[in-house]
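The residues making up each chain are set out below.
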Amino acid sequence: MSPQFPLSTSPGLLPARVLTSIQPPLQISAAQPQHLQGLATILTDSFHPTLRSLSWFYALLRAGIYEDLRHRLRHASPYDICLIALDLDPSSSTLPMPLMGTVELGVRSLAPPWQIRPAVPYLSNLAVDAAFRGRGIAKQLLLACEGIVLAWEFQDLYLHVLENNYPARRLYEQMGYQLQQVDGYWGVRLWRQPRRLLLHKPLNGAATFPGVLELPSC
Ligand SMILES: CC(C)(COP(=O)(O)OP(=O)(O)OC[C@H]1O[C@@H](n2cnc3c(N)ncnc32)[C@H](O)[C@@H]1OP(=O)(O)O)[C@@H](O)C(=O)NCCC(=O)NCCS
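Residues numbered from 1 in each chain as written. Predicted model: local features only at pLDDT ≥ 70, side-chain atom pairs only at ≥ 80, totals over all residues. Heavy atoms only, no water.

Among the surface-exposed residues, Leu 54, Trp 56, Phe 57 and Leu 60 lie close enough to one another that they form a single nonpolar patch of about 450 Å² accessible area. Among the secondary structure elements, Leu 54 is positioned in the loop between helix 1 (36–47) and helix 2 (55–74). (Patch = residues over 30% accessible without salt bridge, like charges linked within 9 Å, V, L, I, M, F, W, Y side chains within 5 Å. Areas by Shrake-Rupley, 256 points an atom, 1.4 Å probe, with all protein chains shown as cover. Salt bridge = Lys/Arg side-chain N within 4 Å of Asp/Glu carboxyl O. Helix = DSSP H or I, 4+ residues; strand = E, 2+ residues; numbered from the N terminus.)

Moving on, we get to the site of the ligand. Surveying the vicinity of the ligand reveals 21 residues, the closest of which are Leu 126, Val 128, Gly 134, Gly 136 and Asn 165. At a separation of 2.7 Å, an oxygen atom of the ligand approaches a polar side-chain atom of Asn 165. Taking 910 Å² as the accessible area of the ligand by itself, protein coverage stands at 75%. Mapped onto the shell around the ligand, the elements with two or more residues apiece are helix 1, strand 5 (120–128), helix 3 (137–151), strand 6 (156–162) and helix 4 (166–174). Looking at the shell around the ligand, the element that brings in the most residues is helix 4, giving six residues. Of the residues contributing to the shell around the ligand, the split by class is 11 nonpolar, six polar and four charged. (Near = heavy atom within 4 Å. Polar contact = N/O pair within 3.5 Å; in protein donor to acceptor, adjacent residues only side chain to side chain. Nonpolar A, V, L, I, M, F, W, Y, C, P; charged D, E, K, R; others polar.)

In this section: the sheet that holds strand 5. With mixed pairing, the eight strands of this open sheet are ordered in space as 1-2-3-4-5-6-8-7. Two strands in the sheet have a free side with no partner beyond their single neighbour: strand 1 (17–19) and strand 7 (178–183). Each strand of the sheet is rotated relative to its neighbour by a mean of 25°, with strand direction disregarded. Across the face of the sheet, helix 1 comes into contact with strand 3 (81–87), strand 4 (99–108) and strand 5 while running at roughly 85° to strand 5. (Pairing = 2+ DSSP bridges. Axes fitted to C-alpha atoms, helices over the stretch in contact; angles between N-to-C directions. Contact = heavy atoms within 4.5 Å.)

Structure (structure tokens):
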């Protein structure tokens, strides 16, 4: 199957989507190498918000995230893409345009290595800069991913969320994701880690009814 959206790192190949009907107006497009610094900052701040005060540790972590991301962008397969949302608000227009959020989409097998299962579209690293949250930016990034998955001719989208990440769980519920599986039994038992919830959204046009994600107790 040949994808209609080619390499995420090829400039201009993924048509940028400009949304002026929402506030702030934004552009969703594929990340380019010049966005790496901003992306590393958003991801570090979003997934490790308490580490900002530990400046040396924060810098180390951010550098690691930057390198990972650089590697992923450079070695992206035709089914890997990193989307960014850029602020198009003329009143805040600076160059480069402020990066408001990001998400990564790929195709991978969710089964352990010893099981053979078909690869499926998988979404990760959804993050919105704290200054821009609550304005529907994550929703727009998710909708953009769904469009790409359909263009790739898949019908399903999967992602993981931690059970204690209530804002993200609410977002996914609202967007029609359903609980598929609860992972991480031993980590939860031994280290008191939050469980990872595998969520699924069928994109085949069938109605999905957002509801509370009922979790079995551990
Ligand atoms: C989760 C996150 C991506 C949401 O981004 P956002 O742009 O603020 O989300 P949106 O404005 O599109 O919100 C859409 C819906 O999500 C839910 N939501 C978002 N933030 C919420 C919050 N703080 N509390 C409760 N619900 C929230 C709401 O249902 C909201 O719909 P509503 O505005 O109609 O109530 C953002 O908070 C973030 O980057 N968090 C840190 C990283 C993270 O946890 N990523 C998810 C990993 S699985």
